[in-house]
Amino acid sequence: MLKRLKLENVGPAAKMELDLGSRLNIITGDNGLGKSFLLDVAWFVYTHRWPADVNPKLISGLKLMTESEDASIQAITSHGETSYRQGFHLMPHSRTWIPFDGVVNDTQLVVYMMADGSCSIFDPYRNIPQTEEETDTLPEAFIFSSYEIFHGLQHQADAKISLCEGLVRDWASWQKEKGGSFVALNKVLESLSPEADFPIKAGKLTRISVRDSKDMPTIDFGEQENVAIVHVSSSMKRIVSFAYLLVWTWQEHLEAARFRRNEPLREILFLVDEVDAHLHPSWQLKIVPALLGVLDALLQGMVLDGLKDDDGMLEWAKGMKENINVQLIATTHSPLVMASLEPHFDAEKDAWFDLDLVRDNGSKPEVVLTKRPFEKMGSANGWLVSEAFDLEFPFNIPHSEVIKEASAALRAEDYSAKDARILDQKIQALIDPKDPFWTKWKMLGKQKGWWQ
């Protein structure tokens, strides 16, 4: 688990410190203030690699650079009751981050879904060499572009080595086998569905071209015709990518644990940048609670259905649900996501961090990170005007401007009836008559003698 992160002279602020929750951490803030940056750093702390250094096809996950000669990253991680300190300095001439304290993570699976659809996965059993031969053959991490998630990932040093067959081939293979992997995939898809009455379901395999012999997975949309997985919407691609990668990561981890004769790891870190990206509001209201609960789908679908009695891990798997730790760190721009957390947020194990650009007495603007107490706002509109998003009004700009103008008129002592009637016409054109402000405007205007 990532317990603490401290950054100095790197990123958008001179200093940032985060004391993280053990379960859920949500990060809000305007564009360009450092939300994705914080996730990149969290990934680096555990892997000692920047995603784009491992896979140059990526346009995100780039190495963090700074002109400062005194830049550092410090972290406290934990495994069980034991805490570990890790630290890195940036060598200004070589532009290389050098560890000065700590060890490479060998206790935790890390899955990082980036906003552009790419994904980075780190599995200590599959990415940390344990023999001299493995030093030259194991990948540093599994770093997928959005295309490679669907169509397969090759080893960067040897294109003949296939690290992952990709969603299209694996899904089709799992579906034909009808084993634990396919059961788990369907359970995860169901748990990530926006509505319980309309779960995302795998449809029949199909072909999309006479030139392509691959069996293509489809999504079953009920009464509508099944849609090939490569033709679904951006939001659906993001959800099925997430579901597939979680199942693939877990399946391959179990195989690696069996190969190394180790118990599977009990700690998983999920990093999700812009968790609301591409999603319809109904999905935004469910996605984070669904991700917190998706591990149950994995365990029930894959571990218990997929392992045999002679695997040596079945009894371990049955008790695993109570002993596994999952930590989620996600960024969002969505007031609906924040509203969705209200029934689930637990201050004992969850945290909300907010980034703001602060201007103090005309000085140079400064990025400030604040750990805020989570308070229920009751609705998406309430969150829009909260410290998470800092809007003055939860309306479109003309609507907001006319309310500010009308509020100023109501406060003024010498506002004329003629001007009030002109403003009243603007209000009628922009504001719904059922808006509560309308009642206030008419009542107070009558008290001022503006209306006949």
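For clarity, every value in this text was computed on a predicted model and none was experimentally measured.

(A) Local environment of the sheet that holds strand 5 (residues 82–91). The strand order across the open sheet built from five strands is 2-1-4-5-6, with neighbouring strands paired in antiparallel fashion. Lying at the two open borders of the sheet, with one neighbouring strand each, are strand 2 (15–19) and strand 6 (96–101). Between one strand and the next, the sheet's axes are offset by a mean angle of 15 degrees, whatever the strand orientation. Pairing between strand 4 (residues 72–79) and strand 5: eight bridges, direction antiparallel. Within strand 5, the position partnered with His-79 by the bridge is Thr-82. Its contacts with the sheet put helix 1 (residues 35–47) on strand 1 (2–8), strand 2, strand 4, strand 5 and strand 6, and the angle it makes with strand 1 is roughly 115 degrees.

(B) Inspection of the packing of aromatic side chains at higher detail. The tally for this structure, following the rule as stated, stands at 17 aromatic pairs. The interplanar angle of 55 degrees and the centroid separation of 5.7 Å between the aromatic rings of Tyr-415 and Trp-450 together place this pair among those described as tilted. You can see Tyr-415 sitting in the loop between helix 14 (397–411) and helix 15 (417–430) and its partner Trp-450 sitting in the segment after helix 16 (436–447), a full 35 residues away along the chain. According to the relative accessible area criterion, Tyr-415 is partly exposed, its value standing at 25%.

(C) Representation of the nonpolar core in the model. The biggest cluster of nonpolar side chains holds 68 residues, and the ones touching the most others in it are Phe-144, Trp-171, Ile-229, Val-240 and Ile-287. Tallying contributions element by element places helix 8 (residues 234–260) first for this core, with twelve residues. In this structure, Leu-18, Phe-37, Trp-50 and Ala-71 belong to the second largest nonpolar core, which totals 44 residues.

(D) The pattern of salt bridges, seen in detail. By the definition in use, this model includes 22 salt bridges. With its nearest N and O atoms 3.5 Å apart, the salt bridge here joins Glu-8 to Lys-6. Relative accessible area serves as the criterion here: at 21%, Lys-6 is assigned to the partly exposed category. Across the salt bridge formed by Lys-214 and Asp-212, the nearest N and O atoms sit 2.9 Å from each other. Bridged by salt links that share partners, the residues Arg-4, Lys-15, Glu-17 and Asp-19 form one connected network.

(E) Summary view of the sheet that holds strand 15 (residues 267–272). Strand order in the open sheet formed by eight strands is 9-8-7-15-16-3-17-18, and the pairing between neighbours is mixed. The open sheet has two free edges, formed respectively by strand 9 (142–144) and strand 18 (366–372), since each of these has just one partner strand. Neighbour-to-neighbour, the strand axes of the sheet open up by a mean angle of 10 degrees, direction not taken into account. Helix 8 rests against strand 7 (109–113), strand 8 (119–122), strand 9 and strand 15 of the sheet, and its axis sits at about 165 degrees to strand 7.

(F) Fine view of helix 7 (residues 180–191). Helix length check: helix 7 (twelve residues) gives 16 Å between terminal C-alpha atoms against 16 Å at 1.5 Å per residue, within 8%. Listed in full, the buried residues belonging to helix 7 are Gly-180, Ser-181, Phe-182, Ala-184, Leu-185, Val-188, Leu-189 and Ser-191.

(G) The pairing of strand 6, seen in detail. Note that strand 5 and strand 6 share five bridges and pair antiparallel. Residue pairing for strand 6: Met-91 is matched across the bridge by Thr-96.

(H) Quick look at empty space enclosed by the protein. As enumerated under the stated definition, the model contains three cavities of 30 Å³ or more in all. Of the pockets and cavities examined, the largest cavity occupies roughly 70 Å³. As for the largest cavity, its lining consists of Leu-192, Arg-238, Ile-239, Phe-242, Val-272, Val-275, Leu-279, Ile-287 and Leu-291. Among the secondary structure elements, those contributing two or more residues to the lining of the largest cavity are helix 8 and helix 10 (287–306).

Rules of the game
- Residues numbered from 1 in each chain as written.
- Predicted model: local features only at pLDDT ≥ 70, side-chain atom pairs only at ≥ 80, totals over all residues.
- Heavy atoms only, no water.
- Pairing = 2+ DSSP bridges.
- Helix = DSSP H or I, 4+ residues; strand = E, 2+ residues; numbered from the N terminus.
- Axes fitted to C-alpha atoms, helices over the stretch in contact; angles between N-to-C directions.
- Contact = heavy atoms within 4.5 Å.
- Phe/Tyr/Trp six-rings, centres within 6.5 Å; stacked < 30°, edge-to-face > 60°.
- Buried < 20%, exposed > 50% of the residue type's maximum accessible area, 1.4 Å probe, protein only.
- Core = buried A, V, L, I, M, F, W, Y, C linked by side-chain atoms within 4.5 Å.
- Salt bridge = Lys/Arg side-chain N within 4 Å of Asp/Glu carboxyl O.
- Expected span 1.5 Å × (residues − 1).
- 1 Å grid on protein atoms, 1.4 Å probe; cavity = no way out; pocket = protein on both sides within 12 Å on 5 of 7 lines; lining within 4 Å.
- Points joined across faces, edges and corners; volume = space filled by probe spheres on them.

Keep in mind these values describe shape, not function.
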